[in-house]
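An overview of the molecular structure
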Amino acid sequence: MGNYIKLDVSNTNQFIDSKIYDNLLKEVFDATKLLRSKKGAGNDFLGWLDLPISYDTREFARIEQAADRIKKQSQVLIAIGIGGSYLGAKSAIEMLKRYFNQEGVEVIFVGNQISSTYANQLLDYLKDKDFSINVISKSGTTTEPAIAFRIFKEYLEQRYGKAEAKTRIYATTDKSKGALKTLATAEGYETFVVPDDVGGRFSVLTAVGLLPIAASGVDIEEMMSGAKKAYLDYMEEDIEKNEAIKYALTRNALYRSGKKIEMLVNYEPKLNYFAEWWKQLYGESEGKDGKGIWITSASFSTDLHSLGQMIQQGERTIFETVLNVEVPEEDLIIKEDKTNLDGLNFLSGKSMDYVNKMAMEGTLIAHVDGGVPNIRITIPNISAYTYGYLVYFFEFACGVSAYTLGVNPFNQPGVESYKKNMFALLGKPGYEAMRDEIMAKLNK
């Protein structure tokens with residue numbers, strides 16, 4: 001069978017107490033068994049686990065058909081969503097589209113913040129462009145996307161009239177209930193389903209992520225093929241042969257050995273937003289009950305010129321997980337310069353990717369020597385297939401890791417705290433008593 005990616009944990013061994021590692025072996029085995037049994041905490045949100053082989057092929061076909069219509073009718077797709085309703089799609093498009101001169105539909109995300117400047121300038125940008133909307137919300141009442149949908153739906157209807165506007169709005173929402181579903185049914189929008197058993201941060205391989213990704217021109221069939229390959233690979237029960245389980249084991253062993261912060265590092269800027277998706281996945285899944293590895297990210301070599309000092313000689317509570325791309329999409333050979341004023345002629349004849357790889361190797365050695373363990377995950381290339389595979393790798397490892405940690409991977413009770421305070425301050429009905437308490441705190 002053989003796994004598609006390569007996991008190297010050799011640069012963590014010296015930092016992990018062997019007793020801790022040995023004790024964790026059984027815990028991780030039990031956590032994996034619990035995840036696969038679907039009997040653990042939060043098991044009503046395990047629809048992602050078998051998704052690569054059980055997804056709704058009829059809806060998948062409708063997603064591809066809708067994406068084709070969007071490509072014909074629009075230059076821009078406005079994707080409205082927050083959290084898992086945008087991070088997955090954003091990470092895929094950023095990873096898989098060209099940096100410049102992109103062909104096809106431009107996907108612009110809104111509703112992931114409440115910036116009036118952003119919204120106004122986007123409205124201005126759309127004045128001479130045909131556009132469609134994909135609003136993504138299970139309830140339709142989440143504040144940030146709901147505000148954005150009000151604004152951009154109104155503008156769409158002004159531009160095209162209500163009759164045509166409804167053919168340009170695609171709603172990804174609950175299959176049977178909620179404000180957005182009610183509106184979509186009343187107005188006649190084409191709808192796609194946010195599955196009841198797939199939480200937002202695990203939803204990129206559902207209609208939540210697949211519609212905007214497909215509209216951008218990315219091959220979502222290849223993406224699902226990669227996820228299926230990962231699903232089959234990670235059926236393997238032997239921890240030494242299962243990279244996803246071994247990653248979960250290693251990061252938990254480092255955590256119990258005093259390494260409390262994990263930094264996901266890349267040497268290819270196309271992976272920057274993948275790290276943002278990864279941070280939500282692990283942050284919301286593990287950060288609860290006073291537990292959890294603090295997750296952050298960096299893009300090297302860029303951030304070595306800003307964070308390198310702290311990583312090299314700061315508090316020794318950090319470890320790095322490096323995403324290494326084995327073969328770049330494109331490469332360049334560095335040529336000789338007659339004047340050699342920059343002193344770089346020693347690089348003549350070498351490729352930029354070779355220099356980048358040597359920067360990675362040199363950094364890894366320096367950081368390990370400085371007390372920073374390094375996990376290396378090598379992916380063969382940047383492709384839709386690889387993206388799907390990598391998503392499932394991290395999702396599966398996250399479920400195992402969180403159960404090993406002893407928390408429910410699939411809830412996020414802490415996320416609601418800021419919302420209650422915000423609603424009280426804004427005067428939402430039902431929050432009057434809470435508003436008085438909060439105002440007293442603000443006026444101290």
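A short tour of the structure in this document, coming up.

Reading the values: the criteria
Going along each chain's sequence as written, the residues are numbered from 1 onward. Given that this is a predicted model, residues contribute local features only at a pLDDT of at least 70 and side-chain atom pairs are listed and counted only at 80 or more, while totals for whole chains, interfaces and linings are drawn from all residues. Where side-chain values are given, they derive from all heavy atoms of the structure, hydrogens and water being excluded. Only the stretch in contact is used when fitting a helix axis, every axis being a line fitted to C-alpha atoms; angles between N-to-C directions are given from 0 to 180 degrees. What counts as a helix is a DSSP run of H or I of at least four residues, what counts as a strand is a run of E of at least two, and both are numbered from the N terminus. Our angle categories are set so that under 35 degrees counts as roughly parallel, over 145 as roughly antiparallel, 65 to 115 as roughly perpendicular, and the remainder as oblique. Throughout, a residue-residue contact means that at least one pair of heavy atoms, one from each residue, lies within 4.5 Å. Three categories are distinguished: nonpolar for Ala, Val, Leu, Ile, Met, Phe, Trp, Tyr, Cys and Pro, charged for Asp, Glu, Lys and Arg, and polar for the others, with Gly belonging to the last. Pairing between two strands is assigned when DSSP locates at least 2 bridges connecting them. Basic side-chain nitrogens of Lys or Arg form a salt bridge, by our definition, when they fall within 4 Å of a carboxyl oxygen of Asp or Glu. Under the scheme applied here, a residue whose accessible area is under 20% of the maximum for its type counts as buried, over 50% as exposed, and between as partly exposed, the area being computed with a 1.4 Å probe on protein chains only. Between the rings of Phe, Tyr and Trp (Trp by its six-membered ring), a pair exists once the centres lie within 6.5 Å; its type follows the angle of the planes, with under 30 degrees stacked, over 60 edge-to-face, and the other angles tilted.

Another point: the packing of helix 8 (residues 207–215) against helix 9 (residues 220–233). Relative to each other, helix 8 and helix 9 sit at 135 degrees, their axes nearing to 10 Å. Judged on the interaxial angle alone, helix 9 and helix 8 are oblique. In this structure, helix 8 uses Leu 210, Ile 213 and Ala 214 to contact helix 9, whose residues at the interface are Ile 220, Met 223 and Met 224. Each residue belonging to the contact of helix 8 with helix 9 can be placed in one class, and the counts come to six nonpolar, no polar and no charged.

This part is about the sheet that holds strand 6 (residues 190–193). Spatial ordering of the open sheet is given by 3-2-4-5-6, a layout of five strands whose pairing is parallel. With partners counted over all chains shown, the strands left at the sheet margins are strand 3 (106–110) and strand 6, one partner each. Direction aside, the axes of adjacent strands within the sheet are offset by 20 degrees on average. Pairing of strand 4 (residues 131–136) with strand 5 (residues 169–173) involves four bridges; the strand directions are parallel. Residue pairing for strand 5: Val 135 is matched across the bridge by Ala 171. Taken strand by strand, helix 8 contacts strand 2 (76–80), strand 3, strand 4, strand 5 and strand 6, and its axis lies near 165 degrees from that of strand 4.

Attention now moves to the pattern of salt bridges. Side-chain pairing between opposite charges can occur once the charged atoms of the two side chains come close. Under the definition given, this model contains 29 salt bridges. Linking Asp 50 and Lys 38 is a salt bridge whose minimum nitrogen-to-oxygen distance equals 2.4 Å. Of the two residues, Asp 50 is situated in the loop between helix 1 (18–37) and helix 2 (51–54) and Lys 38 in the loop between helix 1 and helix 2; the sequence distance between them amounts to twelve residues. Taking the shortest distance from any N to any O, the salt bridge between Arg 62 and Glu 59 comes out at 3.7 Å. A residue pair is termed a helical-turn pair when its members lie 3 or 4 positions apart in one helix, as Arg 62 and Glu 59 do in helix 3 (residues 57–73) at three residues. Judged by its relative accessible area of 14%, Glu 59 is buried. Overlapping salt bridges, with partners in common, bring together Lys 138, Asp 174, Lys 175, Lys 177 and Asp 196 in one network.

In this structure the tally under the stated criterion is 28 aromatic pairs. Relative to Tyr 385, the ring of Tyr 4 has its centre 5.0 Å away and its plane inclined at 65 degrees; by these criteria the two rings are edge-to-face. Of this pair, Tyr 4 sits in the segment before strand 1 (6–11) while Tyr 385 sits in helix 14 (residues 384–405); the two residues are 381 residues apart in sequence, bridging distant segments of the chain. The partly exposed category is assigned to Tyr 4, whose relative accessible area is 24%. Ring geometry for Trp 48 against Phe 410: centres 6.3 Å apart, planes inclined by 50 degrees, an arrangement best described as tilted.

Following Phe 300, the chain continues to Ser 301 via a peptide bond in cis, the omega torsion being 5 degrees. Examined against the element boundaries, Ser 301 turns out to sit in the loop between strand 8 (294–299) and helix 12 (308–313). For Asp 289, which is not glycine, the phi torsion reads 55 degrees and is therefore positive. Residue classification places Asp 289 among the exposed positions, given a relative accessible area of 59%. Unlike most non-glycine residues, Asn 340 shows phi in positive territory, near 50 degrees. Counting through the fold element by element, Asn 340 comes out in the loop between strand 9 (318–325) and helix 13 (352–369).

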